Amino acid sequence: MSLLLNLRPIFSERILMSLENAPLREMSDTIRFLAIDMIQRANSGHPGMPMGLADIASVFGFHFRHNPKNPKWLNRDRLVFSGGHGSALIYSLLHLWGYPLSLDDLKDFRRLDSKTPGHPERVHTEGVEVTTGPLGQGFANAVGFALAAKRAEALLGKEIIDHKVWCFCGDGDIMEGVSYEAASFAGHNALDNLIVIYDSNDITIDGDLSLCFSENVSERFRSQGWHTIAIDGHDFAQIDEALGNAKTQTKPVIIIAKTKIAKGAASMEGSAKTHGAPLGENEVSASKAKARWSEEPFYIPQNALIWFRTALEKGELSEREWNDRVARSDKKPALEKLLNPDFDAIEYPVFDEKPIATRETNSRILNAIAASLTGFIGGSADLAGSNKTELKGLGVAPQGANIRFGIREHAMSAITNAIALYGLFIPFDSTFFVFSDYQKPAIRTAALMNLKRFFVWTHDSIGVGEDGATHQPIEHLSAYRALPNLYVFRPADGYENIVAWKTVLKLDAPSAFVLSRQNLPALDRSQAKGDAAKGGYQLSASDKAKITLIASGSEVQLAIEAAKRLRDERIGVNVVSVPCFDLFAEQDDEYIEAIIDPRTVAIAIEAASANEWFRFAEAIVAMESFGASASADLLFERFGFDADRIAGLAKSLLA
């Protein structure tokens with residue numbers, strides 16, 4: 001008889017309830033001391049949280065549905081550790097459950113190129129669902145996983161999607177504003193597949209939590225539409241009952257578990273000093289002696305390991321049963337379509353010669369993609385009408401494809417990151433470009449994780465006009481171009497917008513679209529040279545050119561007008577459009593020099609700070625201050641974006 005079958009009666013009789021039960025106590029101490037040993041060996045890390053959560057983690061394993069042999073199984077429960085600093089806990093569990101993370105990997109904790117970096121990174125470690133570290137991000141990611149699961153359930157039915165989403169978080173996550181935004185969204189959307197376990201240990205780095213935080217967390221979450229449960233986080237019976245109860249609720253659930261940081265430490269239990277520094281050899285030794293634990297580093301009792309490794313057989317059985325359900329389901333073709341999107345099936349719109357804002361061309365493209373790809377999903381931070389992101393006729397998520405994020409930009413983007421990670425969806429989110437400041441932490445983690453997801457940012461420059469300096473982005477283009485692994489597109493017309501989408505759908509990286517509010521003319525490409533898909537191309541050229549004018553977005557037309565003035569004076573000019581600075585910078589020297597002739601004087605024109613253009617240009621026409629409140633035409637003139645001025649600058653450089 002299998003080990004699993006032997007253990008099933010034990011689980012059903014729930015003898016796990018006893019605090020003195022040997023397997024659970026031994027399992028908890030196994031987690032606790034593995035984490036301590038990892039941190040001590042690295043001489044770096046955060047022991048307090050793993051030690052404090054070890055009792056909950058040992059019981060949690062019996063409620064968590066997963067398959068360590070296939071970490072990508074679609075219907076697995078998702079597990080997010082929002083407090084990524086407690087990574088020693090995550091790695092200990094992954095090893096003990098049987099994921100491809102060896103004991104040697106644990107010993108390499110925080111070492112260069114190891115599978116166990118200081119904070120969990122999805123690209124390094126199988127079993128880590130999402131890169132976390134910046135507090136609060138993981139909480140919002142968990143909400144995103146829950147929303148994605150609800151959307152998947154709406155498309156495929158409960159017979160295919162019926163898993164839970166779990167999130168471990170701490171006091172820091174609860175204090176960060178993004179967790180408030182995300183919790184509000186989850187409660188409003190009644191995401192009853194979401195269960196948050198709050199490690200409430202009343203300690204921060206600076207000391208007691210009361211120094212900076214005094215709100216009633218239970219009442220806060222109840223007001224946001226959550227079911228709340230309060231437990232002693234070291235009482236196995238309460239933990240088991242709370243986890244079981246949480247899975248039956250019709251609202252998102254937060255389990256507020258009162259714990260002691262560094263539980264089990266000989267003399268430092270409850271001390272803020274254990275948050276972010278190793279305990280020290282003497283304290284480790286004394287703590288092991290107190291627990292009657294082996295002094296051997298990385299010791300794992302065989303009895304405890306057997307119990308942890310039941311996850312392997314249970315996981316394989318769960319996935320096998322699921323595979324049988326899928327095989328019998330009439331939704332199997334729909335699942336296959338979601339898993340294997342056909343980008344070649346997209347019928348892109350055709351744009352005529354009439355001037356049109358790129359936010360409008362982008363709207364038509366979004367709807368063309370959504371018409372072909374069932375997994376295309378997204379929304380705006382209460383600006384769908386201005387961002388032009390409504391997917392027409394496709395309903396509201398989770399039943400439909402339009403997500404109503406509300407005015408929650410930070411949570412919006414962290415939620416969207418998790419939707420991209422879920423395995424079935426290609427998501428986007430949107431706001432005004434200037435408000436991308438609120439999204440920045442999630443933009444950065446999207447780039448770290450190589451996510452195929454899209455940021456749609458409209459109202460791209462001083463062209464916003466009368467709303468004034470508070471709504472006119474200046475430094476933003478430069479900031480996002482400086483971010484590794486993010487591709488920022490600023491198309492000049494509908495053609496470039498389509499090329500951009502065709503390009504990004506093939507990239508395994510996040511991309512952003514920076515789009516105009518004002519109408520822009522369609523460009524003449526009768527003399528074009530190069531490929532817009534490479535980030536930059538030549539629109540027009542002159543024999544014996546002496547000047548190259550480089551621009552993106554709305555300033556491309558300005559470059560064309562300035563070139564005409566120079567040509568009228570018999571000065572040869574090349575005009576280059578660079579819809580994606582990042583892609584263009586990745587091209588080889590031969591291509592770049594074919595587009596920007598090194599024998600010419602290059603001038604870059606962009607209504608932004610634009611200092612990065614000195615990589616390709618001798619001079620720039622750019623913003624050197626904030627904008628102002630006036631019509632777009634007046635602002636472009638006021639700040640020097642004028643064809644005559646640019647032509648004059650070119651002539652002065654030649655002189």
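Nothing here was measured: the structure is a model prediction, and the numbers come from that model.

S.K.: Even after reading the chapter, I still don't get the overall build of the protein chain, so can you show me in this structure?
M.R.: Counting its secondary structure elements, the protein chain contains 25 helices and 19 strands. Against the 2.2 N^0.38 benchmark of 26 Å for 655 residues, the protein chain shows a C-alpha radius of gyration of 28 Å, consistent with a compact globule. Projected onto its principal axes, the C-alpha coordinates of the protein chain cover approximately 90 × 60 × 45 Å. For the protein chain, with 655 residues in total, the buried portion stands at 61%. Within the protein chain, contacts between residues at least 6 apart in sequence are counted, and of these 77% link residues at least 24 apart. By element, 48% of the accessible surface of the protein chain is carried by carbon and sulfur atoms, the whole surface being about 25,400 Å². Separation between the mean location of the 68 positive side-chain charges and that of the 84 negative ones in the protein chain comes to 3 Å.

S.K.: How do you make sense of the sheet that holds strand β15 (residues 536-540) when you look at a structure like this?
M.R.: Pairing between the strands of a sheet is mediated by backbone hydrogen bonds and can be parallel or antiparallel. The six strands lie next to each other as β14-β15-β17-β16-β18-β19, forming an open sheet whose pairing is mixed. This sheet does not close on itself; its edge strands, each paired only once, are β14 (529-531) and β19 (619-621). Direction aside, the axes of adjacent strands within the sheet are offset by 25° on average. Those strands touched by helix α21 (residues 555-568) are β15, β16 (547-551), β17 (573-577) and β18 (601-605), and its axis lies near 175° from that of β17.

S.K.: Sorry if this is basic, but what is going on with helix α20 (residues 494-504) here?
M.R.: An α-helical segment advances 3.6 residues per turn. Residues three or four places apart therefore align on the same side. Burial runs high along α20: nine of the 11 residues are buried. The complete set of buried residues in α20 reads G494, E496, N497, I498, V499, A500, W501, T503 and V504. A distance of 3.3 Å separates the backbone nitrogen of Y495 from a side-chain oxygen at the start of α20, and that oxygen is part of D493.

S.K.: I tried to follow a negative patch on the surface on my own but got confused; where do I start?
M.R.: On the surface, D588, D589, E590 and E593 cluster together into a negatively charged patch. Tracing the sequence through the fold places D589 in helix α23 (residues 589-595).

S.K.: Looking at this model, I keep getting lost on the packing of aromatic side chains. Mind explaining?
M.R.: The geometry of an aromatic ring pair is captured by the separation of the ring centres together with the interplanar angle, meaning the angle of the planes. Inspection of every chain in the model, using the stated rule, returns 33 aromatic pairs. Ring centres of F81 and F168 lie 5.3 Å apart, and the angle between their planes is 10°; this geometry places the pair in the stacked category. Residue F81 is located in strand β1 (residues 78-81), and its partner F168 is located in strand β2 (residues 165-170); the two are separated by 87 residues in the primary sequence. Classification of F168 by relative accessible area gives buried; the value is 1%. When the ring of W613 is compared with that of F616, the centres are 6.4 Å apart and the planes differ by 55°; the resulting orientation is tilted. In this structure W613 comes out as buried when scored by relative accessible area, which is 1%. The exposure class of F616 is buried, given its relative accessible area of 12%. Through pairs of rings, three or more aromatic residues link up here, namely F60, F64, F81, W97, W166 and F168. The lysine or arginine in question, R453, covers the ring of F455, its NZ or CZ lying 3.8 Å from the ring centre.

S.K.: What's the story with the state of the cysteines in this structure? I'm lost.
M.R.: Throughout the structure, instances matching the rule amount to zero disulfides. Looking at the unpaired C169, the closest cysteine sulfur is the one in C167, lying at 5.3 Å. A relative accessible area of 1% places C169 in the buried class.

S.K.: Help me out: how do you make sense of the pairing of β18 in this one?
M.R.: Looking along a regular strand, one sees side chains alternate from face to face of the sheet. Judged by how many residues are buried, β18 sits mostly within the fold: five of five residues are covered. With burial as the criterion, each face of β18 is covered, one bearing V601, I603 and I605 and the other bearing A602 and A604. By the bridge criterion, five bridges tie β16 to β18 in an arrangement that is parallel. Residue pairing in the sheet places I550 in a bridge with A604 of β18. For β18 and β19, the ladder comprises three bridges, and the chain directions are parallel. Considered in β19, the bridge of I605 is made with V621.

S.K.: Looking at this model, I keep getting lost on the confidence of the model for the protein chain. Mind explaining?
M.R.: Should pLDDT be low for a region, the predicted coordinates there are not to be read in detail. For the protein chain, the average pLDDT comes to 95, and 97% of its residues sit at 70 or higher. Predicted confidence for residues 1-20 stays below pLDDT 50, and this span has 31 contacts to residues more than four positions away or in other chains.

Rules of the game
- Here the residue numbers are simple positions, counted from 1 along each chain's written sequence.
- Residues qualify for local features only when their pLDDT is at least 70, as the model is predicted, and side-chain atom pairs are given and counted only at 80 or more; totals for whole chains, interfaces and linings, by contrast, use all residues.
- Side-chain calculation: all heavy atoms of the structure are included, whereas hydrogens and water are not.
- What counts as a helix is a DSSP run of H or I of at least four residues, what counts as a strand is a run of E of at least two, and both are numbered from the N terminus.
- Throughout, the radius of gyration refers to the C-alpha atoms, and the reference size of a globule is 2.2 Å times the residue count to the power 0.38.
- Summary of the burial criterion: residues with accessible area below 20% of their type's maximum are buried, those above 50% are exposed, and those between are partly exposed, where the area comes from a 1.4 Å probe applied to protein chains only.
- Should any heavy atoms of two residues lie within 4.5 Å, those residues are considered in contact.
- Areas reported here follow the Shrake-Rupley algorithm with a probe of radius 1.4 Å; residue values treat only the protein chains shown as occluding.
- Neither His nor the chain termini are counted; the positive set is Lys and Arg, and the negative set is Asp and Glu.
- Charge positions are represented by NZ for Lys, CZ for Arg, CG for Asp and CD for Glu.
- Only strands joined by at least two bridges in the DSSP assignment are considered to pair.
- Each axis is a line fitted through C-alpha atoms, and for a helix only the stretch in contact is used; angles between axes span 0 to 180 degrees, taken between their N-to-C directions.
- By the criterion applied in these results, polar contacts are pairs of N or O atoms within 3.5 Å in which, for protein atoms, one can donate a hydrogen and the other can accept it, and in which residues neighboring in sequence qualify only through two side-chain atoms.
- Any residue with relative accessible area above 30% and no salt bridge may belong to a patch, with like charges joined within 9 Å and the nonpolar Val, Leu, Ile, Met, Phe, Trp and Tyr side chains within 5 Å.
- The salt bridge criterion pairs a side-chain nitrogen of Lys or Arg with a carboxyl oxygen of Asp or Glu, the two atoms within 4 Å.
- Side-chain rings of Phe, Tyr and Trp, where Trp is taken by its six-membered ring, are said to pair if the distance between their centres is within 6.5 Å; with planes under 30 degrees apart they count as stacked, over 60 as edge-to-face, and otherwise as tilted.
- Any Lys NZ or Arg CZ that is within 6 Å of a ring centre and within 35 degrees of that ring's normal is treated as a charge sitting over the ring.
- Counting rule for disulfides: a pair of cysteine sulfur atoms within 2.5 Å.
- Values of pLDDT, the confidence the predictor places in each residue, fall between 0 and 100.

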